[in-house]
Amino acid sequence: MGYGMLVDPRAEGEGAPRLELPAQTPLDDAAAALGRLLAEDEHLDRVVLVVGGQEAGATSRSYARVVLGLTSRGAGDETRAAAPGESTRFSVIAFRCAACGSRAYTAFYDDRYLPVCRVSDHGPMELPAEPPADRG
């Protein structure tokens, strides 16, 4: 499956967080997961798209904004025509390397396939700890 339309030929992938998707993910679902990730993390400026363990390439926020039509408003916001609730197709899960702090994102969770830090001896990444609930 070609994910080339999501890849920014000018984006540098080195050191960028990874968005990992299952093999055979439809292009529309990959685009939706990428859009959701960029909407949830405003500081993320580039990401490497990985599908089924194969790197499709890197993309940038500015490129994705053009290709996916991302804006600060959701589809239908102006006409109040947006469907209620969130999409049930994908949720993006953030992981972090405990040793160096590098990040990876997946659209699925399975203990057998945790993202692994690209620094050879750092090993599997972890889910960040949830902040303690405010009891005040």
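Check the entry above for the structure.
Residues numbered from 1 in each chain as written. Predicted model: local features only at pLDDT ≥ 70, side-chain atom pairs only at ≥ 80, totals over all residues. Heavy atoms only, no water.

With respect to helix H1 (residues 27-40)
- End to end, H1 covers 20 Å across 14 residues, agreeing with the expected 20 Å (1.5 Å per residue, within 8%).
- Looking at H1, one finds that the buried residues are Asp-29, Ala-30, Ala-31, Ala-33, Leu-34, Gly-35, Arg-36, Leu-37 and Leu-38.
- Where H1 is buried, its residues touch strand S1 (18-21), strand S2 (46-51), strand S3 (54-60), helix H2 (61-68) and strand S5 (103-106). (Helix = DSSP H or I, 4+ residues; strand = E, 2+ residues; numbered from the N terminus. Expected span 1.5 Å × (residues − 1). Buried < 20%, exposed > 50% of the residue type's maximum accessible area, 1.4 Å probe, protein only. Contact = heavy atoms within 4.5 Å.)

Re the pattern of salt bridges
- If you walk through the whole model with that rule in mind, you get six salt bridges.
- In this structure, Arg-18 and Glu-55 form a salt bridge, with 2.7 Å as the shortest nitrogen-oxygen distance. With Arg-18 in strand S1 and Glu-55 in strand S3, the pair connects residues that are 37 residues apart, well separated along the chain.
- Residue Arg-18 is classed as buried on the basis of its relative accessible area, which comes to 13%.
- Residue classification places Glu-55 among the partly exposed residues on the basis of a relative accessible area of 48%. (Salt bridge = Lys/Arg side-chain N within 4 Å of Asp/Glu carboxyl O.)

A few points about the packing of H1 against H2
- The contact between H1 and H2 brings their axes to 11 Å, and the two run at 130 degrees. Judged by the inter-axis angle, H1 sits oblique to H2. H1 and H2 meet at a crossing whose hand is left-handed. Mapping the contact onto sequence places Ala-31, Leu-34, Gly-35 and Leu-38 in H1 and Arg-61, Ala-64 and Leu-68 in H2.
- Looking at the contact of H1 with H2 residue by residue, the classes come out as five nonpolar, one polar and one charged. (Axes fitted to C-alpha atoms, helices over the stretch in contact; angles between N-to-C directions. Parallel < 35°, antiparallel > 145°, perpendicular 65-115°, else oblique. Left-handed = near helix turned anticlockwise from the far one by under 90°. Nonpolar A, V, L, I, M, F, W, Y, C, P; charged D, E, K, R; others polar.)

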